[in-house]
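# Topology and contacts: notes
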Amino acid sequence: MLPERLRPLLSAALKHAADARFKTRVATLVASRGFVLHPMDWMPAASYQESPDVYAPWVDWQAGMDGEQRSRREQLTAETWDDFYPAARRIALADVRRSEPAAARMLIETRDQASRRRSGLHSSKLMRVGLGADDVPFLKSLSADRSGKVRELASRLLARLGEHGNPADGGPEDPTTELAAFITEGKSGFIRRRTTYSPVKLKSPAQESRRVDLLQPVTWSILPRAFGKTESDFIGAWQFDVDDNADLSLVRMVAVSGGDAAVALLADTLVAEAASRRLSSSISCCVWTAAGSVP
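Definitions and limits used
Residues numbered from 1 in each chain as written. Predicted model: local features only at pLDDT ≥ 70, side-chain atom pairs only at ≥ 80, totals over all residues. Heavy atoms only, no water. Helix = DSSP H or I, 4+ residues; strand = E, 2+ residues; numbered from the N terminus. Buried < 20%, exposed > 50% of the residue type's maximum accessible area, 1.4 Å probe, protein only. Areas by Shrake-Rupley, 256 points an atom, 1.4 Å probe, with all protein chains shown as cover. Core = buried A, V, L, I, M, F, W, Y, C linked by side-chain atoms within 4.5 Å. Contact = heavy atoms within 4.5 Å. Expected span 1.5 Å × (residues − 1). Polar contact = N/O pair within 3.5 Å; in protein donor to acceptor, adjacent residues only side chain to side chain. Pairing = 2+ DSSP bridges. Axes fitted to C-alpha atoms, helices over the stretch in contact; angles between N-to-C directions. Parallel < 35°, antiparallel > 145°, perpendicular 65-115°, else oblique. Nonpolar A, V, L, I, M, F, W, Y, C, P; charged D, E, K, R; others polar. Phe/Tyr/Trp six-rings, centres within 6.5 Å; stacked < 30°, edge-to-face > 60°. pLDDT = per-residue confidence, 0-100. Salt bridge = Lys/Arg side-chain N within 4 Å of Asp/Glu carboxyl O.

### Quick word on the overall build of the protein chain
Regarding its fold elements, the protein chain presents 16 helices and two strands. The 295 residues of the protein chain split such that 42% are buried. Approximately 16,000 Å² of the protein chain is accessible, and the part contributed by carbon and sulfur atoms is 53%.

Right under this line is the structure:
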């Protein structure tokens, strides 16, 4: 349990967390240090499957299960699928995905069609673990799924593998074209001139909301191509701390649809930025978001 002397700091962190996702990030940070939170401070809801693995018994208990650890460590297979409670099954499926990606993919494909929609895609999100070229056919098959969330997740995972599900055609209906209009290209430096990119200063909350909305459907690799840049060049040229919301949206875009190299580069860039100058609290959240996505 988290030491009593640290609970006031924890309470402050939870108080300023914007939503359940950020509260879970606080719990994840604490869990990574070997502690759990007091149930009176925070407990994951029964319907929420994104909490750290250590909370799985609590999640199952709240769902009406007995929450006890299984007495024997049987492996998750198609035959034992129904023997696992939902949260425990998620952990077991992640273990299979790490050791046998193809076997886990088969389980997700054949046994998790119904639960994928009930539980907010938690099993489909496990495809991020050990993601490889062998997963492309299955991910492409999800492009016709009834669930828009499933289709969006599949598109982002395909983008991580270099399979571009929403190529920019430059047409007026292309969201990348509209998004590019919210980003301005500039120059910096007196001797060695270099290109920079920064968010356009917006005039209304409606424009701010629209830019955030556009940063969600566009996969990361397409944005640098719209400006004729490589992913690494675009990350290096982005001007952080100009607009906190734009920074955080960009980081989330890279975190959910960028490849491992892009995520790692962005995390390193943010850490270097934080070390060289004082950044806003929002950029600290960016560091946290990016670093948490590094493989």
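### Re the nonpolar core
Of all hydrophobic cores here, the largest spans 26 residues; its most connected members are W220, L223, W238 and M253. Those elements giving two or more residues to this core turn out to be α10 (175-180), α12 (222-226), α13 (231-237), α14 (244-257) and α15 (260-276). The biggest single contributor to this core is α14, with five residues. Residues in contact with M253, not counting those within four places in the same chain, are L179, L215, V218, T219, W220, L223 and G258.

### Looking at unusual backbone geometry
With a phi close to 75 degrees, D241 is a non-glycine residue in the positive phi region. Assignment of secondary structure puts D241 in the loop between α13 and α14.

### Brief notes about helix α9 (residues 148-160)
Here α9 contains 13 residues, and its C-alpha end-to-end distance of 19 Å stays within 8% of the 18 Å for a straight helix at 1.5 Å per residue. In the stretch just after α9, G162 is the one whose phi turns positive, near 85 degrees.

### Notes on the environment of Q216
Tracing the backbone through its elements, the reader meets Q216 in the loop between α11 (205-214) and α12. Sequence-distant contacts of Q216, that is, excluding residues within four places in its chain, are made with E152 and R156.

### Thoughts on the side chain of D135
Along the polypeptide, D135 turns up in the loop between α7 (122-125) and α8 (136-141). Within polar-contact distance, the side chain of D135 engages the side chain of R97 at 2.6 Å. Once residues within four sequence positions are removed from consideration, D135 is found in contact with R97, R105, M127 and G130.

### So, the pairing of strand β2 (residues 194-199)
In terms of burial, β2 is a largely internal element, five of the six residues being buried. Note: strand β1 (residues 183-188) against β2, six bridges, orientation antiparallel. Looking at β2, one finds that K187 is bridged to T195.

### Quick notes on the environment of L139
With respect to the secondary-structure elements, L139 resides in helix α8. Looking at L139, the relative accessible area reads 1%, which means it is buried. For the pair L139 and L158, spaced 19 residues apart in sequence, the C-alpha separation works out to 6.9 Å. Not counting chain neighbours up to four residues away, the residues in contact with L139 comprise M127, L131, A154, L157, L158 and L161.

### Observations concerning α14
Spanning 14 residues, α14 covers 20 Å between terminal C-alpha atoms, matching the ideal 20 Å at 1.5 Å per step. Of all 14 residues in α14, 10 are buried, a share of seventy percent or more. Measuring from the backbone nitrogen of N245 back to the side-chain oxygen at the start of α14 gives 3.0 Å, which picks out D243 as the cap.

### Re the packing of helix α4 (residues 86-99) against helix α5 (residues 101-111)
Packed helices, taken two at a time, are described by the angle their axes make and the gap between the axes. Following both chains from N to C, one finds α4 and α5 inclined at 140 degrees, their axes separated by 5 Å at the closest point. Accordingly, the angle class assigned to the pair α4 and α5 is oblique. In this structure, α4 contributes L93, V96, R97 and S99 to the contact, and α5 contributes P101, A103, A104, R105, L107 and I108. When the residues that make up the contact of α4 with α5 are grouped by side-chain class, the tally is seven nonpolar, one polar and two charged.

### Notes on the packing of aromatic side chains
Evaluated as defined, the whole model comprises seven aromatic pairs. Taken together, a centroid distance of 6.0 Å and an interplanar angle of 35 degrees make the contact between F234 and W238 tilted.

### Some words on the confidence of the model for the protein chain
Per-residue pLDDT for the protein chain averages 77, and the proportion of residues at 70 or more is 78%. With pLDDT under 50 throughout, residues 66-72 is counted as low confidence; its partners more than four residues away or in other chains account for eight contacts. Across residues 166-172 the pLDDT falls below 50, and counting only partners more than four positions away or on other chains, this stretch makes 11 contacts in the model.

### Describing the pattern of salt bridges
Per the counting criterion, the structure on display carries eight salt bridges. Residue E208 is joined to R211 by a salt bridge in which the shortest nitrogen-to-oxygen separation is 3.3 Å. A residue pair is termed a helical-turn pair when its members lie 3 or 4 positions apart in one helix, as E208 and R211 do in helix α11 at three residues. You'll find E208 and R211 in the same group, each marked buried. With a relative accessible area of 3%, R211 lands in the buried category. Overlapping salt bridges bring together E4, R7 and D41 as one network.

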